[in-house]
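# Residue-level structural notes
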Amino acid sequence: MTASTKTASATAISRALNAKGFSKSSSGATRVRGYHYTSEGFVVTNYPKSVIVTYEPGSSSHFSRNYELVIERQVSATNAMFSYLVEKGYKATMTDRGVILIAKVGA
């Protein structure tokens, strides 16, 4: 008997992560033309054969005096998201750079 995996799509992955309580990164304009603010959270990108989940530390992290804490939060959140997605039945792998790759069924 083969283990079934869920069909991955960016929408389904994003919805699952939101339901679990992970925050999604968002972006908005600033007063300075051409610049924008990005919040801390996950970003899901859809590709033809896979879905990629990354963690955005946010624009304010560039001004942090304790950048090690920012990296620690990023690693912790990425590991938690990876564990959750595998638990949910997605065929996920994590790269050495902290990027979660989810293969689409049949790809």
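Residues numbered from 1 in each chain as written. Predicted model: local features only at pLDDT ≥ 70, side-chain atom pairs only at ≥ 80, totals over all residues. Heavy atoms only, no water.

## Things to note about the pattern of salt bridges
- Scanning all chains against the criterion turns up 1 salt bridge.
- In this structure, the salt-bridge partner of Glu40 is Arg73, at a minimum N-O distance of 3.0 Å. In this pair, Glu40 sits in the loop between β2 (36-38) and β3 (41-46) while Arg73 sits in helix α2 (residues 67-87), placing the two residues 33 residues apart along the sequence. (Salt bridge = Lys/Arg side-chain N within 4 Å of Asp/Glu carboxyl O. Helix = DSSP H or I, 4+ residues; strand = E, 2+ residues; numbered from the N terminus.)

## A short note on the pairing of strand β6 (residues 100-103)
- Here β6 shows one buried face, formed by Ile100 and Ile102, and one open face, formed by Leu101 and Ala103.
- Here strand β4 (residues 50-56) runs beside β6; their pairing, made up of 4 bridges, is antiparallel. Pairing of Ile52 across the sheet is with Leu101, part of β6. (Buried < 20%, exposed > 50% of the residue type's maximum accessible area, 1.4 Å probe, protein only. Pairing = 2+ DSSP bridges.)

## Description of the packing of aromatic side chains
- Enumeration over the complete set of coordinates arrives at 1 aromatic pair.
- For the pair Phe22 and Tyr84, a centre-to-centre distance of 6.4 Å together with 55° between the ring planes defines the contact as tilted. With Phe22 in the loop between α1 (10-20) and β1 (27-29) and Tyr84 in helix α2, this residue pair connects regions lying 62 residues apart in the sequence.
- For Tyr84, a relative accessible area of 11% gives the class buried. (Phe/Tyr/Trp six-rings, centres within 6.5 Å; stacked < 30°, edge-to-face > 60°.)

## Considering α1
- Buried residues of α1: Ala10, Ile13, Ser14, Ala16 and Leu17, and no others. Taken down its axis, α1 places every buried residue within 160° of arc, on the same side. Projecting away from the buried face of α1 at angles above 90 degrees are the exposed residues Arg15 and Ala19.
- On its buried face, α1 sits against β3, β4, α2 and β6.
- Looking one or two residues beyond α1, the residue adopting positive phi is Gly21, at roughly 105°. (Arc of directions from axis to C-beta. Contact = heavy atoms within 4.5 Å.)

## Some thoughts on the environment of Gly98
- For Gly98, the location among the structural elements is in the loop between β5 (92-94) and β6.
- When its relative accessible area of 23% is taken as the criterion, Gly98 is described as partly exposed.
- With 43 residues separating them along the chain, Gly98 and Tyr55 place their C-alpha atoms 8.1 Å apart.

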